[in-house]
Number of protein chains: 2
Amino acid sequence: MRRKLLVLACCALFLAVPSLAQESMPQSKDEAALRAADAQWEKAAAARDLSRTVDFYANDAVMMEPSAPAFVGKAAIRAQWQKEMSDKAYTLKWSATAAGGSGDLGYTRGRYEASYTNEKGVPVTEKGKYLVLWKKVGNDWNVDTEIYNADAPPSPRSDARSGKQ
Amino acid sequence: MRRKLLVLACCALFLAVPSLAQESMPQSKDEAALRAADAQWEKAAAARDLSRTVDFYANDAVMMEPSAPAFVGKAAIRAQWQKEMSDKAYTLKWSATAAGGSGDLGYTRGRYEASYTNEKGVPVTEKGKYLVLWKKVGNDWNVDTEIYNADAPPSPRSDARSGKQ
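The rules behind these values
- Residues numbered from 1 in each chain as written.
- Chains lettered and ligands numbered in written order.
- Predicted model: local features only at pLDDT ≥ 70, side-chain atom pairs only at ≥ 80, totals over all residues.
- Heavy atoms only, no water.
- Helix = DSSP H or I, 4+ residues; strand = E, 2+ residues; numbered from the N terminus.
- Buried < 20%, exposed > 50% of the residue type's maximum accessible area, 1.4 Å probe, protein only.
- Contact = heavy atoms within 4.5 Å.
- Areas by Shrake-Rupley, 256 points an atom, 1.4 Å probe, with all protein chains shown as cover.
- pLDDT = per-residue confidence, 0-100.
- Salt bridge = Lys/Arg side-chain N within 4 Å of Asp/Glu carboxyl O.
- Buried area = accessible area lost by both parts, 1.4 Å probe.
- Polar contact = N/O pair within 3.5 Å; in protein donor to acceptor, adjacent residues only side chain to side chain.
- Nonpolar A, V, L, I, M, F, W, Y, C, P; charged D, E, K, R; others polar.
- Phe/Tyr/Trp six-rings, centres within 6.5 Å; stacked < 30°, edge-to-face > 60°.

Let us now look at the overall build of chain A. Along chain A, the regular secondary structure elements total 5 helices and 7 strands. Each helix and strand of chain A, ordered N terminal to C terminal, gives the series α-α-α-β-β-α-β-β-β-β-β-α. Counting the 165 residues in chain A, one finds 42% classified as buried. In chain A, 51% of the contacts between residues at least 6 apart in sequence involve partners at least 24 apart. Total accessible area computed for chain A in this model is approximately 9800 Å², and 57% of it derives from carbon and sulfur atoms.

In structure tokens, the structure reads:
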């Protein structure tokens with residue numbers, strides 16, 4: 001009886017371990033670090049914290065925004081963030097849906113939602129997607145290239161459209 | 001005299017080698033392979049070769065175009081390329097300005113110029129920038145994520161605007 005139980009227990013373990021491994025899909029150390037960096041960066045940007053937001057970029061980083069030539073280098077990137085954060089309608093949030101790293105290269109990919117004042121002075125909201133390339137310097141992941149685009153033209157911001165919310 | 005020449009020759013070599021290395025900036029094997037893959041992919045797309053263009057994508061690739069939700073997977077990506085290549089005004093060229101790889105991750109970054117028929121039926125030209133994330137499978141680099149955006153709203157195509165060219 002004891003032997004039978006032992007055999008059954010071994011079979012159960014044999015069957016359980018691979019399925020557990022598949023289900024939990026453990027993150028690599030790099031993936032976890034990149035997701036954490038992406039989330040901390042988002043927190044800084046959502047809180048309109050210019051210095052902390054710009055700190056995430058490498059000195060020679062490239063920021064690629066729609067309808068503008070690329071912003072190259074930390075000074076140009078800082079000036080652009082400053083301009084955007086000084087907009088009264090500014091709100092920004094994003095969330096990574098995928099991340100990974102290999103050696104000194106990493107990426108995060110995800111979705112964002114932003115509000116801003118458009119060229120006609122109307123507060124609008126835009127939803128879209130992004131890709132960020134990260135480079136490891138020492139133990140830190142820095143933003144090397146950032147690019148995003150919208151899913152559709154922006155729509156008037158819901159809280160500006162009616163008094164219901 | 002012979003010894004003096006030898007010393008001089010050694011000094012010259014010592015001085016020359018680092019400056020040569022700095023000036024030529026030799027590409028890594030990965031960078032060269034990624035630039036070559038990017039250029040071959042561009043050649044296929046510029047030639048309207050649908051199959052060869054789509055062959056570069058990984059099965060679970062993500063294509064992020066402006067004004068559309070992401071196209072996920074080879075079938076959706078193929079359908080979108082087919083739609084774009086069947087546009088009479090279709091032209092596309094691009095060129096990488098930076099590339100690099102580490103382990104099984106790589107990237108290319110660059111500039112593109114595209115022509116297409118806009119929603120009003122007018123042939124327009126657009127210039128912009130892109131970032132592509134590549135993943136190595138065996139010896140091949142496959143496109144994992146592709147994203148781009150324009151520098152400015154598109155302008156009427158020059159050859160459609162007047163009969164001068």
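Back to the write-up after that little detour.
Moving on to the confidence of the model for chain A. Residues and elements named next belong to chain A. For chain A, mean pLDDT is 87; residues scoring 70 or higher make up 80% of the total. Across residues 10-23 the pLDDT falls below 50, and counting only partners more than four positions away or on other chains, this stretch makes 2 contacts in the model. When the criterion is pLDDT under 50, residues 161-165 qualifies, and its contacts beyond four places in sequence or with other chains add up to 2 contacts. For this predicted complex, the interface score ipTM comes out at 0.82, while the overall pTM is 0.83.

Tallying each qualifying case throughout the model produces 14 salt bridges over all chains. Across the pair A:K136 and A:D30 runs a salt bridge whose closest N-O atoms are separated by 3.5 Å. Here A:D30 lies in helix 2 (residues 29-46) and A:K136 lies in strand 5 (residues 123-137), a separation of 106 residues in the sequence. Since its relative accessible area comes to 31%, A:K136 is described here as partly exposed. The partner of B:R35 in a salt bridge is B:E31, and the shortest N-O contact between them spans 3.0 Å. Here the residue B:R35 and the residue B:E31 both occupy positions in helix 2 (residues 29-46), the gap between them amounting to 4 residues, near one helical turn.

Attention now goes to the side chain of B:D30. Judged by relative accessible area, B:D30 falls into the buried class, the value being 18%. In contact with B:D30, not counting residues within four places along its chain, are B:G101, B:S102, B:G103, B:K136 and B:W141.

So, on to unusual backbone geometry. Generally, phi is negative for residues other than glycine and the peptide bonds are trans, each holding for most cases. The backbone of A:R48 shows a phi angle near 60°, a positive value even though the residue is not glycine. Within the secondary structure layout, A:R48 lies in the loop between helix 2 and helix 3 (50-55). The backbone phi angle of B:S67 is positive, close to 60°, even though this residue is not glycine. Checked against the element boundaries, B:S67 lands in the loop between strand 1 (57-64) and strand 2 (71-72).

It is worth spelling out the interface of chain B and chain A at this point. At the junction of the two partners, chain B supplies 31 residues and chain A supplies 31 residues. Between chain B and chain A lies a buried interface of about 2200 Å² when both sides are counted; carbon and sulfur atoms form 65% of it. Among the residues of chain B in contact with chain A, B:R109, B:K129 and B:L131 are the three that bury the most area, contributing 23% of the side total. Taken together, the connections running from chain B to chain A amount to 21 residue pairs in polar contact (both at pLDDT 80 or more). Class assignment for the residues of the side of chain B that touches chain A results in 15 nonpolar, 9 polar and 7 charged.

All names here are of chain A. The final tally for this structure, using the stated rule, is 12 aromatic pairs over all chains. Aromatic pair W41 and Y57: ring centres 5.5 Å apart, planes at 85°, arrangement edge-to-face. Placement of the pair is W41 in helix 2 and Y57 in strand 1 (residues 57-64), with a sequence separation of 16 residues. These aromatic residues form a ring-pair network of at least three members: W41, F56, Y57, W94, Y130 and W134.

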